[in-house]
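Examining the three-dimensional arrangement
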Amino acid sequence: MSRKHLGSLDVGAFMRTHWQRKPLLVRAAFADFRDPLSPAEVMRLAGRDEAQSRLIMGRGKRWSLEHGPIGASRFKQLPSRDWTVLVQDTNHFCRAADRLLDHFDFVPHARIDDVMVSYAVPGGSVGPHVDSYDVFLLQGRGRRRWQISSQTNRDFLPGMPLKILGRFEPEHEWELEAGDMLYLPPGVAHHGVAQTPCLTWSVGFRAPSDGEWVTGFLDYLREAPAPGGHYADPGGAPARHPGAIPPRMLDHAARTLGRIRWTPSMVREFTGRYLTEPKAHVFFDPPARPLAPARFAAAARRRGIELDGRSRFAFSGAVFFMNGEAQALDTGARPAATRLADRRRIEAGSAAPDSFWDAAYGWYLQGFVVLGGGPT
Ligand code: SIN
Ligand code: CO
């Protein structure tokens, strides 16, 4: 399948040659691109408690960072140059930003981090830096100059509140305008400077580090029932060094820990739960006056349902993972649940068995899914 926003590449060729490997610039990736939010709306969002925002000011070797919420009065004090405000997770708050993700569904949803937006005035930038994420930098209104470098020098400017490269040696440079897009794999140094007031949408993809994976799995194993045995030392010799840990105790510890076992299905359950776990600051809004189950099912059939922008929903085999919880669904419910996981919505008028609508009702009560925008 070819997609306009990857230029002349089809998604297969993009995944083979560029994804995680090398940058790609696509001119006019999105024809007639419309920003999901205007600069004024971005600044209003930056003032909300539940949105994570940052204000970055500076250039060269002097930078400052303020964490949000950033209120309207703060914006009024700012100069006309050299600042940027960034808001994470715009897909949680804005349906149109969430829908941007649909264009990238050739990447598994489990890899999605967020859609971040930056609004910058001329000269505004976050400084030259390196990310550990894959990112599609989609240019909204205004113009931004991007420079990139394959440099391996990662020394940061000392004493800065941000990780800014001390020496940046650009090798390529482009000026992006509305609808242009730059894909960067992890590890490519980059620096984007607003040439005019501009919005940039960063569609970011992540994966846990191996360290996070292990720590998460050890946490998960803690939920397993503890073994029932206990260390005992009948017939032990009198201690010559009462301060020393007896080797017998160490042997016991090694044997007990060596009995920790896990199965592939535990790894699957952990991974599904871990990858769909909402970020720590995310809270859902259950419906204030929920419909009764039968009315929900009728409305859902008529209007369809959508995942709330904050929801993470994935499956592996017959197990479905909604926002960190595993749920086995019966065979009849699985095709609709699979569609919901793939497309993040079930179209109005779609057929699905009662067992699926029962599960969907549970998600609706928790604010994980909402009724679609079809006929009311
Ligand atoms: C920006 O939008 O200014 C920063 C995005 C990035 O470099 O990752
Ligand atoms: Co970056």
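Residues numbered from 1 in each chain as written. Chains lettered and ligands numbered in written order. Predicted model: local features only at pLDDT ≥ 70, side-chain atom pairs only at ≥ 80, totals over all residues. Heavy atoms only, no water.

We now examine the coordination of the cobalt ion (ligand 2). Taken together, His 129 (NE2), Asp 131 (OD) and His 190 (NE2) make up the full set of protein donors to the cobalt ion (ligand 2), lying 2.0 to 2.1 Å away. On the basis of relative accessibility, which here comes to 12%, the residue His 129 falls in the buried class. (Donors = N, O, S within 2.8 Å, 3.2 Å for Na, K, Ca; no water. Buried < 20%, exposed > 50% of the residue type's maximum accessible area, 1.4 Å probe, protein only.)

Along the chain, the position of Glu 277 falls in the loop between α8 (264-276) and α9 (293-303). In this structure Glu 277 comes out as partly exposed when scored by relative accessible area, which is 43%. Residues Glu 277 and Thr 84 lie 193 residues apart in sequence; the distance between their C-alpha atoms is 30 Å. In this view, Glu 277 contacts Arg 312, Asn 323 and Gly 324; residues no more than four positions away in its chain are not counted. (Helix = DSSP H or I, 4+ residues; strand = E, 2+ residues; numbered from the N terminus. Contact = heavy atoms within 4.5 Å.)

A complete count under the given rule lists 23 salt bridges for this structure. Of the charged contacts, one joins Arg 74 and Glu 66 as a salt bridge, the two residues approaching to 2.7 Å between their closest N and O atoms. Classification of Arg 74 by relative accessible area gives partly exposed; the value is 22%. Glu 66 gets classed as partly exposed once you look at its relative accessible area, which sits at 26%. The residue Asp 102 makes a salt bridge to Arg 345 at a minimum N-O spacing of 2.8 Å. Taken as a pair, Asp 102 in the loop between α5 (95-100) and β5 (112-120) and Arg 345 in strand β16 (residues 345-346) lie far apart in primary sequence, 243 residues in all. Asp 102 sits in the partly exposed class, given a relative accessible area of 22%. One continuous salt-bridge network, built from bridges that share partners, spans Arg 95, Asp 98, Arg 99, Asp 102, Glu 306, Arg 344 and Arg 345. (Salt bridge = Lys/Arg side-chain N within 4 Å of Asp/Glu carboxyl O.)

So, on to the sheet that holds strand β15 (residues 325-328). Taken together, the three strands give an open sheet; going across it, the order is β13-β14-β15, and neighbouring strands pair in antiparallel fashion. Every other strand in the sheet has two partners, leaving β13 (313-316) and β15 as the edge strands with one partner each. Going across the sheet, the axis of each strand differs from the next one's by a mean of 25 degrees, ignoring polarity. As judged from the four bridges shared by β13 and strand β14 (residues 319-322), these two strands associate in the antiparallel manner. If you follow Phe 313 over to β14, its bridge partner there is Met 322. Running at roughly 125 degrees to β13, helix α10 (residues 334-343) makes contact with β13 and β14 of the sheet. (Pairing = 2+ DSSP bridges. Axes fitted to C-alpha atoms, helices over the stretch in contact; angles between N-to-C directions.)

Taken together, Met 116, Ser 118, Val 126, His 129, Asp 131, Leu 137, Arg 144, Trp 146, His 190, Thr 200 and Ser 202 make up the full set of residues adjacent to ligand 1. In this structure, an oxygen atom belonging to ligand 1 sits 2.7 Å away from a side-chain N or O atom of Ser 118. At a separation of 3.2 Å, an oxygen atom of ligand 1 approaches a polar side-chain atom of His 190. Contact with the protein chains hides 95% of the accessible area of ligand 1, taken as 260 Å² for the molecule alone. Among the secondary structure elements, those contributing two or more residues to the shell around ligand 1 are β5, β7 (144-149) and β11 (198-205). (Near = heavy atom within 4 Å. Polar contact = N/O pair within 3.5 Å; in protein donor to acceptor, adjacent residues only side chain to side chain. Areas by Shrake-Rupley, 256 points an atom, 1.4 Å probe, with all protein chains shown as cover.)

Turning to its location among the elements, Asp 113 is positioned in strand β5. With a relative accessible area of 9%, Asp 113 lands in the buried category. Setting aside residues no more than four positions away along its own chain, Asp 113 makes contact with Asp 89, Tyr 133, Gly 204, Phe 205, Arg 206, Lys 279 and Arg 312.

Below, the discussion takes up the sheet that holds strand β9 (residues 181-184). Spatial strand order, β1-β9-β6-β11-β5-β4-β2-β3: eight strands in an open sheet with antiparallel pairing. The open sheet has two free edges, formed respectively by β1 (24-26) and β3 (62-67), since each of these has just one partner strand. Averaged over all neighbouring strand pairs, the angle between strand axes comes to 20 degrees, with direction disregarded. With six bridges joining them, strand β2 (residues 53-59) and β3 adopt antiparallel strand pairing. Across the sheet, the residue bridging to Leu 55 is Glu 66, located in β3. Contacting β2, β4 (83-87), β5 and β11, helix α2 (residues 39-46) crosses the sheet at an angle of about 70 degrees to β4.

Here we come to the packing of aromatic side chains. All told, the structure shown has 29 aromatic pairs when counted by the stated rule. The interplanar angle of 55 degrees and the centroid separation of 5.4 Å between the aromatic rings of Phe 296 and Tyr 361 together place this pair among those described as tilted. Here Phe 296, found in helix α9, pairs with Tyr 361, found in helix α11 (residues 354-365); they are 65 residues apart in sequence, far enough to count as distant. Tyr 361 matches Phe 296 in its accessibility class, with the two residues each being buried. Put simply, the rings of Phe 14, Trp 19, Phe 30, Phe 33, Phe 104, Phe 106, Phe 136, Tyr 183 and Phe 205 pair up and form one aromatic cluster. (Phe/Tyr/Trp six-rings, centres within 6.5 Å; stacked < 30°, edge-to-face > 60°.)

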